[in-house]
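# Structure at a glance
For reference, the chains in residue letters:
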Amino acid sequence: MEDSRPVEVATPASGDATGALLQNLEISGQEKQQQQPDEAEAKNRRSKNKSKKKKKNFVLEPSFPWKVATVKNRGRCAVATRAIKAGEVVVAEQAIAFVPRGQYRKAICHVCGVNVAENGPKFECSACNYTIFCEECYKPPQGSHENYCAVYREIASIARDENCDADLLRLVFNLALKKAGTAQARSSFLQLELLIETLPFQNSKDETCTVDGVILSCFKDALGLETHRSKAPSSWLEAVRNGCTRLHKIACVGNGGKLAPISCSIEELEMLATLINTNSHGMGAQNLQNTHVALGLFPYVSILNHSCRPNCCFASEGSVMYVRAVQDIPKGAELCLSYINLYESRRVRKTLLVATKHFDCTCDRCVEPLNTSIDRFLEGCVCHVRGCGGVFLRTAALHEDQASSTTWECDLCSRVLDPESMRFKDPPWEVIAKAEERLVAAVRIYSERRFKEARKLLESYLSEFTGKLHPLHVFLFDALTPLMNCCRAMGDAEEGLRVCRLILQCMEKVLPGPSLELANFYFCLGEMYLEKAQASSPVIAKRSNKQASYLKLNHFKMQRASFGLIGGKLPEVQDFKLRADMLRIRSMQVENIVGGKALVFECQLSFEIACTAF
Ligand SMILES: C[S@@+](CC[C@H](N)C(=O)[O-])C[C@H]1O[C@@H](n2cnc3c(N)ncnc32)[C@H](O)[C@@H]1O
């Protein structure tokens with residue numbers, strides 16, 4: 001899950017607090033450097049007080065089925081004010097600013113965020129050779145776009161020189177432009193009026209508003225977001241500082257007279273970068289693989305905290321992000337999203353969140369005792385004491401008070417293995433190290449698309465480590481998707497189906513309830529049924545009927561919960577419909593060729609049911 005991507009938080013503060021924060025932002029870099037230490041300290045205290053005050057004043061859209069509350073160790077959060085049904089939209093918000101990720105820049109319109117079909121009409125700005133417009137957003141002559149694409153032209157080389165993320169710098173620039181769109185900035189830089197008309201977001205007003213149930217947040221809304229600046233690695237901060245310093249030179253000091261300077265200091269640009277780093281969400285599942293093609297900032301969506309067992313999910317449509325409940329949520333429960341891939345061990349999830357989002361996860365799944373949590377299976381080695389049925393885990397993971405212990409312990413029979421003092425056959429630490437090494441080697445071959453070779457390696461890896469690692473272990477699970485893809489690439493739909501079902505079984509045990517990830521695998525399963533149908537006889541068809549019914553029901557539930565009933569407007573839904581149509585045609589051809597009517601009927605039906613769900 002892309003990166004999965006994603007994010008965080010906040011909302012419109014009251015006029016006073018926000019005004020103060022804006023003033024704060026107006027201090028230029030130079031002035032800041034000249035401040036005396038005492039003055040700086042006092043200012044620090046003041047700004048802390050201000051941000052405390054600011055965070056209290058939230059104005060929420062009255063139709064939201066939630067309110068902002070505070071939860072221990074997690075700060076602000078969204079709490080349901082009434083029972084919420086699975087599939088219900090809990091927030092719909094237009095990106096305050098977004099940028100397509102570099103490698104997908106031709107996939108979506110940079111102004112409205114809609115998918116631009118591979119062969120459909122799209123227009124590239126001839127001045128920056130970067131920005132893509134859909135037919136509707138392209139308004140020749142490009143004129144005012146050139147004002148800011150002059151900066152875009154430079155960003156790739158700045159990012160390269162300073163070892164900084166180019167997409168991050170582009171988003172910083174877009175946000176700085178958004179700030180320039182405030183009345184205050186407009187009065188100083190009249191020339192910006194021109195610019196604002198062509199900014200890649202629609203709300204250039206200073207106040208948050210709602211149009212057709214979609215929140216259009218404003219620059220002020222972003223200022224309440226968490227930044228975790230003090231926790232960011234110094235190498236990252238340095239690269240960002242260098243990148244922002246150069247960006248400042250061209251965007252804020254002026255750009256050969258072409259661009260009206262934007263009123264942002266280097267520090268402000270840096271602050272925006274840290275804010276994006278902590279709060280941006282991946283956008284635009286381009287297809288059912290849930291690819292995040294863009295990066296956007298959504299202050300309201302960002303109120304929702306992360307959970308490794310989330311009850312909401314997000315999917316974007318153009319530049320609007322929809323957050324939906326993926327299960328029934330009772331009144332008073334916290335609404336949570338996931339920022340990361342959830343099929344990972346607790347240790348890896350926590351490490352990842354600290355490294356990328358700078359917080360120690362305190363969600364229910366991460367705080368429940370490991371020896372009763374499903375998490376133990378994701379990192380456990382099978383205990384070989386006869387009839388035990390338990391798993392070996394690091395003692396340090398099992399018992400908080402033994403954090404420095406190097407021993408391993410069975411969660412059921414409590415047998416302890418000490419790597420220092422005993423010799424065993426296949427001790428868990430060696431099994432895990434070997435498994436990781438073999439998996440990495442096999443996946444490397446797979447990523448080189450040497451499918452036949454990779455399949456052999458993956459199969460022998462799985463046969464060696466199944467029985468040593470718990471069947472839900474991440475290292476076994478991580479071998480399944482490449483293996484399934486190898487089977488498909490080699491035309492072995494039967495084996496591909498078996499592996500796909502195994503993936504679904506693991507996912508449903510570890511992450512019960514609908515999710516986009518699960519939906520993707522159901523879709524895959526459906527496709528493989530059709531591949532199988534092409535080569536099947538009526539005898540096989542009978543057995544497959546049962547599986548197909550299971551598939552159609554689950555596929556239907558997943559899709560509906562993740563994408564909602566939005567009339568097929570989502571690009572991924574359109575894509576899905578298109579593929580379903582193609583599959584329907586293909587299955588008719590199959591019917592004529594092999595006569596596997598029953599199977600073909602089931603496959604067709606499963607896709608049709610999924611389609612009518614939208
Ligand atoms: C997008 S914000 C969510 C809103 C945030 N709680 C606030 O007060 O603004 C993300 C931040 O919330 C906190 N957070 C979110 N989920 C958390 C979790 N599961 N455990 C601990 N902290 C969490 C972290 O500080 C994280 O950087």
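What counts and how
Residues numbered from 1 in each chain as written. Predicted model: local features only at pLDDT ≥ 70, side-chain atom pairs only at ≥ 80, totals over all residues. Heavy atoms only, no water. Salt bridge = Lys/Arg side-chain N within 4 Å of Asp/Glu carboxyl O. Buried < 20%, exposed > 50% of the residue type's maximum accessible area, 1.4 Å probe, protein only. Helix = DSSP H or I, 4+ residues; strand = E, 2+ residues; numbered from the N terminus. Expected span 1.5 Å × (residues − 1). Arc of directions from axis to C-beta. Contact = heavy atoms within 4.5 Å. Polar contact = N/O pair within 3.5 Å; in protein donor to acceptor, adjacent residues only side chain to side chain. Pairing = 2+ DSSP bridges. pLDDT = per-residue confidence, 0-100.

### Concerning the pattern of salt bridges
According to the stated counting rule, one finds 23 salt bridges in the structure shown. One salt bridge in this structure joins Glu88 and Arg82, with 2.7 Å as the shortest N-O distance. On the accessibility criterion, Glu88 (22% relative accessible area) is partly exposed. With a relative accessible area of 36%, Arg82 lands in the partly exposed category. Close ionic contact of Arg246 with Glu162 constitutes a salt bridge, the shortest N to O distance being 3.1 Å. Note that Arg246 is positioned in helix 9 (residues 234-251) and Glu162 in helix 4 (residues 145-162), a separation of 84 residues in sequence. The class of Arg246 is partly exposed, set by a relative accessible area of 30%. One continuous salt-bridge network, built from bridges that share partners, spans Arg346, Arg349, Arg365 and Asp375.

### Observations concerning helix 11 (residues 346-357)
Over its 12 residues, helix 11 runs 16 Å from end to end, which matches the ideal 16 Å to within 8%, given 1.5 Å per residue. Looking only at helix 11, the buried set comprises Arg346, Arg349, Leu353 and Lys357. For helix 11, the buried positions fall inside an angular range of 65° around the axis, keeping them on one side. Structurally, helix 11 contributes buried residues whose contacts are with helix 10 (266-279), strand 11 (305-306), helix 12 (364-367) and helix 13 (375-378). With its phi angle positive at about 65°, His358 sits one or two positions after the end of helix 11.

### Some thoughts on the environment of Arg82
Locating Arg82 in the fold gives a position in the loop between strand 2 (75-80) and strand 3 (89-94). Here the alpha-carbon distance between Arg82 and Lys331, two residues 249 residues apart in the chain, equals 4.3 Å. Arg82 has contacts with Pro65, Glu88, Ile329, Pro330 and Lys331, leaving out every residue within four places of it along the chain. A polar contact is formed between the side chain of Arg82 and the side chain of Glu88, at a distance of 2.7 Å.

### Looking at the pairing of strand 12 (residues 312-317)
Within strand 12, 6 of the 6 residues are buried, leaving the element largely enclosed by the surrounding structure. Neither face of strand 12 is left uncovered, since the one carrying Cys312, Phe314 and Ser316 and the one carrying Cys313, Ala315 and Glu317 both have all their residues buried. With 6 bridges connecting them, strand 12 and strand 13 (residues 320-325) associate as antiparallel partners. For Ala315, the partnering residue across the bridge sits in strand 13 and is Tyr322. Counting the residues between successive antiparallel strands, the hairpin from strand 12 to strand 13 contains 2 residues, one of them, Gly318, with a positive phi of roughly 60°.

### Points about the pairing of strand 4 (residues 97-100)
Neither face of strand 4 is exposed, since Ala97 and Val99 on one face and Phe98 and Pro100 on the opposite face are all buried. Direction of pairing for strand 4 relative to strand 10 (residues 294-297): antiparallel, over a ladder of 4 bridges. Bridged to Val99 within strand 10 is Leu295.

### Observations concerning the confidence of the model for the protein
Put simply, the protein has an average pLDDT of 74, and 66% of its residues get 70 or more. In this model, residues 1-37 is a region of pLDDT below 50 whose contacts with residues beyond four sequence positions or in other chains number 107 contacts. Note that residues 564-578 has pLDDT below 50 and, in this model, 39 contacts with residues that lie over four places away or in other chains.

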